[in-house]
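One letter stands for each residue in the lines below.
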Amino acid sequence: MEWVDLPAGVSDAVLAEAGPVREVVPVEGGLTCWLAAGLTTVEGRRWFVKGCPESDERAWMSMRSERLVYPMLGGVGPDFGWIVRRVAGWEVMAYDWVDGRHADLGPGSPDLPLVAEVLLRAQEIGVPHYVPISTVGQMLRQYLDTAEADLLHGDTLLHTDTNQHNLLVGDSRAWMVDWAMAAKGPAWVDVAYTAVRLMEADTPAEAALGWAAQFPSWRRADPAAVAAFVVGLCRQWEAQVGPVDCVPSNRRFGALLAAVRA
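Thresholds applied
Residues numbered from 1 in each chain as written. Predicted model: local features only at pLDDT ≥ 70, side-chain atom pairs only at ≥ 80, totals over all residues. Heavy atoms only, no water. Pairing = 2+ DSSP bridges. Helix = DSSP H or I, 4+ residues; strand = E, 2+ residues; numbered from the N terminus. Contact = heavy atoms within 4.5 Å. Axes fitted to C-alpha atoms, helices over the stretch in contact; angles between N-to-C directions. Buried < 20%, exposed > 50% of the residue type's maximum accessible area, 1.4 Å probe, protein only. Expected span 1.5 Å × (residues − 1).

**With respect to the sheet that holds strand β8 (residues 167–169)**
(1) Moving on: Read across the sheet, three strands follow the order β6-β8-β9 without closing on themselves; strand pairing throughout is antiparallel. Every other strand in the sheet has two partners, leaving β6 (101–102) and β9 (174–176) as the edge strands with one partner each.
(2) Moving on: Here three bridges tie β8 to β9, and the two strands are oriented antiparallel to one another. When the sheet's bridge partners are listed, Val 169 is paired in β9 with Ala 174.
(3) Moving on: Across the face of the sheet, helix α3 (residues 112–122) comes into contact with β8 and β9 while running at roughly 50 degrees to β9.

**What to know about the sheet that holds strand β4 (residues 80–87)**
(1) Moving on: Pairing is antiparallel in the open sheet, where five strands are placed in the order β1-β2-β3-β5-β4. Only two strands of the sheet have a single neighbouring strand rather than two, namely β1 (21–26) and β4. When strand polarity is set aside, the average angle formed by the axes of neighbouring strands in this sheet is 20 degrees.
(2) Moving on: Note: β1 against strand β2 (residues 35–41), five bridges, orientation antiparallel. Its bridge partner being in β2, Val 24 is matched across the sheet by Leu 39.
(3) Moving on: On the sheet, helix α1 (residues 8–18) packs against β1, β2, β3 (46–53), β4 and β5 (90–96) and is oriented at approximately 150 degrees with respect to β4.

**Topic: unusual backbone geometry**
(1) Moving on: The phi torsion at Arg 86 lies on the positive side, around 50 degrees, for a residue other than glycine.
(2) Moving on: The residue Ala 88 is not glycine, and still its phi comes out positive at about 50 degrees.
(3) Moving on: Ala 88 sits in the exposed class, given a relative accessible area of 54%.

**Quick look at helix α10 (residues 247–261)**
(1) Moving on: When the terminal C-alpha atoms of α10 are compared, their 21 Å separation across 15 residues agrees well with the 21 Å that a helix rising 1.5 Å per residue should span.
(2) Moving on: Within α10, burial applies to Ser 249, Asn 250, Phe 253, Ala 255, Leu 256, Leu 257 and Val 260.
(3) Moving on: Looking at the buried residues of α10, the elements they touch are α6 (188–200), α7 (205–212), α8 (216–219) and α9 (223–241).

Set out below in structure tokens:
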């Protein structure tokens, strides 16, 4: 949705928080939020805002996930600004604008050390027991038996969707954005997801797994837990796209398991 098409009460509430705005730039991409834009105020302050109506349950739950985790991010993501809640049935969240581009996860990319650095910082974030977000085991419960799901316990905050669009890279650092699929579990999970993204970007499996090996959490990963993770994801993906279309992705996840067992 374009900024000019927002319900008047919503845009007024956003401007009450941001201040007078001289420029609005749409941000392309994204699968759940209805509004994604960069706002520049007359004083030069820049915000990234995203929002959705409560009537879209999937988008609303994604915003809820971000709301739960943003106090924990501590520099792993852009700093949180403010929130407009339940105005004309809408919710809008604002973050500091960061000058970054989507990460290049291809072979030999100079972005990979910066991506590794932000992943390492993220693995230091524990989820307090009172924050009601799902575990990885719960996310995959439909595709695992109880014993398999129980192997995926852990209290580390996980992004679970580290594709190149959710990794912004600047001159000297990276940020993890869009925490709509946040969960908690073993610290190695986001390393595994990201290694598969490297493979998707044409990095040979051996090189992607070598990149993953720099993370102590991955080197210590329990092979039985990795097996449960891979089995659950492969079953989930097959259920979603079918037994033929799932093969390329599932082959990449299978490479993770082979590496850990080796």
